[in-house]
Amino acid sequence: MRDIMAPESGRWRAFTQVFAEVVEAAGYQLVIPPMMEDLGVFSRIGDATDVVTKEMYDFVDKGARHVALRPEQTASVCRAFAQHRPLTPWKAWYSGPNFRYEKPQRGRYRQFDQVGIEVLGADDPYLDVEVIALGWEFYRRLGLEQLTLLLNSLGEPDDRARYVDALRTHFEAAGGDLSDQSRSTLDKNPLRVLDSKRREDAEIIAAAPTIDQFWSDAAAEHFATVQRGLTALQIPFTIDMKLVRGLDYYRRTTFEYAGGTLDSAQNALGGGGRYDGLVEDLGGPPTPGIGFALGVDRTLLACDDEGVFTAPDPAVDVFVVDTTGGGEALLVTAQLRAGGIRADRSYENRSMKAQMKAANRSGAAYAVIIGTDEVEAGTAVVRPLRDDGAQVTVERDSLITDLHSRVQGSNS
Ligand code: AMP
């Protein structure tokens, strides 16, 4: 688990803000689920997934409840829906940390942030298109260009079940040629074997049956409509029949956004899909759902690699230098901040030289200097710090107006 320090932390905040703008413009509203829930909420994600069986931070609290830090937010959002029954279609977005006890490495942490959306209560392939397109639009707004959209359909639950049986038969026939890891995965969930990146599994996986042979007519039609919609919006995609995604609850459409710059184990920046059974599993009525989660950490690494979406400039506009003891700086910074100018100052009544050094280090565009002469005359000296323009003396009464025009000039 890491500290996110400035200036990187400013980037995180900007990230969430851009995401909020994109999805709120499409009618999604913020939901803030708790970070910890009854373990049972997350067990519904599926007992064949590492996320649930190996990676959960769970413990018994002082009231003898078995609880867990959330490993993701879809289950919580569905639990919230089942509990509060908002009007449908319910379009929600979220952001915040999740916890998984994974092996930490670049792009994989034990506390990591996601932003995401979920729509509950509408079963329309055009909604799948909307959801996928919003993720795409968000990445575009960040400036990422090396992005691939991978798309698949897991079919209806029955199709998926028949496919799982066929996969089991196929992988069991391979027997001892499969890696030990894949053989143990096979016992729990044959679909997950498709995710194996082990060399000894590659050929067996390549020869495995593909899901399209098992799609019902309805599932095939749904998927065809999704593809037509994406094409109409000019969003390029690649069909990847091996894309089954990590969690057990997906049905029909699944998708993933892959970055072009991270190594392949960590290049999934985000993904999602349809999960028509989850709300019901959590005690609600049968409710179709679809959504995605995008990893903040990993997306920002991809932004670093592409040199886009850099940290916003954290510098204040003005640094106030007061050689009269600090009381004038107190007043002036308060006035400037109230007037919409970002202002900082130094403390402990330092020398003029030390204060000017602090002013330069702050990155501010201007120093406002106040000494005894200025206090007597009711003025302040405004000195440019980023270029060697001349300093001017300004009436204190017009300081805010004067600085506003200067700051706007230097920012444009
Ligand atoms: P998932 O919830 O497993 O479908 O993951 C969705 C996205 O969350 C992934 O594509 C990653 O970007 C991100 N993610 C998942 N697990 C981690 C982790 N341990 N550390 C950092 N990012 C993660």
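Residues numbered from 1 in each chain as written. Predicted model: local features only at pLDDT ≥ 70, side-chain atom pairs only at ≥ 80, totals over all residues. Heavy atoms only, no water.

1. Description of the sheet that holds strand β5 (residues 90-99)
Taken together, the 8 strands give an open sheet; going across it, the order is β1-β5-β6-β11-β10-β9-β7-β8, and neighbouring strands pair in mixed fashion. Two strands bound the open sheet, and with one partner strand each, they are β1 (29-30) and β8 (238-239). Here strand β7 (residues 147-153) runs beside strand β9 (residues 251-259); their pairing, made up of 7 bridges, is antiparallel. When the sheet's bridge partners are listed, Leu149 is paired in β9 with Tyr257. Its contacts with the sheet place helix α1 (residues 8-24) against β5, β6 (111-120) and β11 (289-295), and it is angled at close to 160° to β5. Contacting β6, β10 (268-274) and β11, helix α12 (residues 296-306) runs over the sheet at an angle of about 105° to β6. (Pairing = 2+ DSSP bridges. Helix = DSSP H or I, 4+ residues; strand = E, 2+ residues; numbered from the N terminus. Contact = heavy atoms within 4.5 Å. Axes fitted to C-alpha atoms, helices over the stretch in contact; angles between N-to-C directions.)

2. What about the packing of α1 against helix α5 (residues 125-142)?
Direction vectors running N to C along α1 and α5 enclose 135°, while the axes themselves pass 10 Å from each other. By the angle between their directions, the pair α1 and α5 is classed as oblique. Note on packing geometry: the crossing formed by α1 with α5 is right-handed. Facing α1, whose interface residues are Phe15, Val18, Phe19, Glu21 and Val22, α5 presents Leu134, Glu137, Phe138, Arg141 and Leu142. In terms of residue class, the contact of α1 with α5 is made up of 7 nonpolar, no polar and 3 charged. (Parallel < 35°, antiparallel > 145°, perpendicular 65-115°, else oblique. Left-handed = near helix turned anticlockwise from the far one by under 90°. Nonpolar A, V, L, I, M, F, W, Y, C, P; charged D, E, K, R; others polar.)

3. Some words on the site of the ligand
In the vicinity of the ligand there are 14 residues, among which Arg100, Glu102, Tyr109, Arg245 and Ala268 approach most closely. Note that an oxygen atom of the ligand is positioned 2.8 Å from one of the backbone N or O atoms of Ala268. The backbone of Gly270 places a nitrogen or oxygen atom 3.2 Å from an oxygen atom of the ligand. Look at the ligand: alone it shows 480 Å² of surface, and the protein chains cover 93% of it. (Near = heavy atom within 4 Å. Polar contact = N/O pair within 3.5 Å; in protein donor to acceptor, adjacent residues only side chain to side chain. Areas by Shrake-Rupley, 256 points an atom, 1.4 Å probe, with all protein chains shown as cover.)

4. Some details on the domain arrangement of the protein chain
Domain boundaries assigned for the protein chain yield domain 1 (8-156 + 215-306) and domain 2 (318-411). Between the C-alpha centres of domain 1 and domain 2 there is a distance of 48 Å. (Domains from an automatic or database assignment.)

5. A short note on the pattern of salt bridges
Counted by the stated rule, this structure contains 27 salt bridges. In this structure, Glu37 engages Arg79 in a salt bridge whose closest nitrogen and oxygen atoms are separated by 2.7 Å. Here Glu37, found in strand β2 (residues 36-38), pairs with Arg79, found in helix α4 (residues 74-84); they are 42 residues apart in sequence, far enough to count as distant. In this structure, the salt-bridge partner of Arg106 is Asp305, at a minimum N-O distance of 3.1 Å. Remark: Asp305 occurs in helix α12 and Arg106 occurs in the loop between β5 and β6; sequence separation between them is 199 residues. The exposure class of Asp305 is partly exposed, given its relative accessible area of 37%. Each of Asp123, Asp128, Glu156, Arg252, Arg274 and Asp276 takes part in a single network of salt bridges with overlapping partners. (Salt bridge = Lys/Arg side-chain N within 4 Å of Asp/Glu carboxyl O. Buried < 20%, exposed > 50% of the residue type's maximum accessible area, 1.4 Å probe, protein only.)

6. Things to note about the side chain of Arg251
By secondary structure assignment, the location of Arg251 is in strand β9. In this structure, Arg251 is buried with no salt-bridge partner, the nearest side chain bearing the opposite charge being Asp281 at 5.7 Å. The contacts of Arg251, once residues within four sequence positions are left out, are Leu154, Gly155, Pro157, Arg274, Tyr275, Asp276 and Gly277. (Lys, Arg positive; Asp, Glu negative; His and termini not counted.)

7. Here we look at helix α6 (residues 157-174)
The α-helix winds at 3.6 residues per turn, so residues separated by three or four positions along the chain end up facing the same way. For α6, built from 18 residues, the straight-helix expectation of 26 Å at 1.5 Å per residue is met to within 8% by its first-to-last C-alpha distance of 26 Å. Asp159, Arg160, Tyr163, Val164, Leu167, His170, Phe171 and Ala174 are the residues of α6 that are buried. Projected onto a plane normal to the axis of α6, the buried residues spread over an arc of 130° and lie on a single side. Of the exposed residues in α6, those oriented more than 90 degrees away from the buried face are Asp158, Thr169, Glu172 and Ala173. On its buried side, α6 packs onto α7 (180-188), α8 (190-193), α9 (199-206) and α10 (217-232). Positive phi appears at Gly175, one or two residues downstream of α6, with a value of about 45°. (Expected span 1.5 Å × (residues − 1). Arc of directions from axis to C-beta.)

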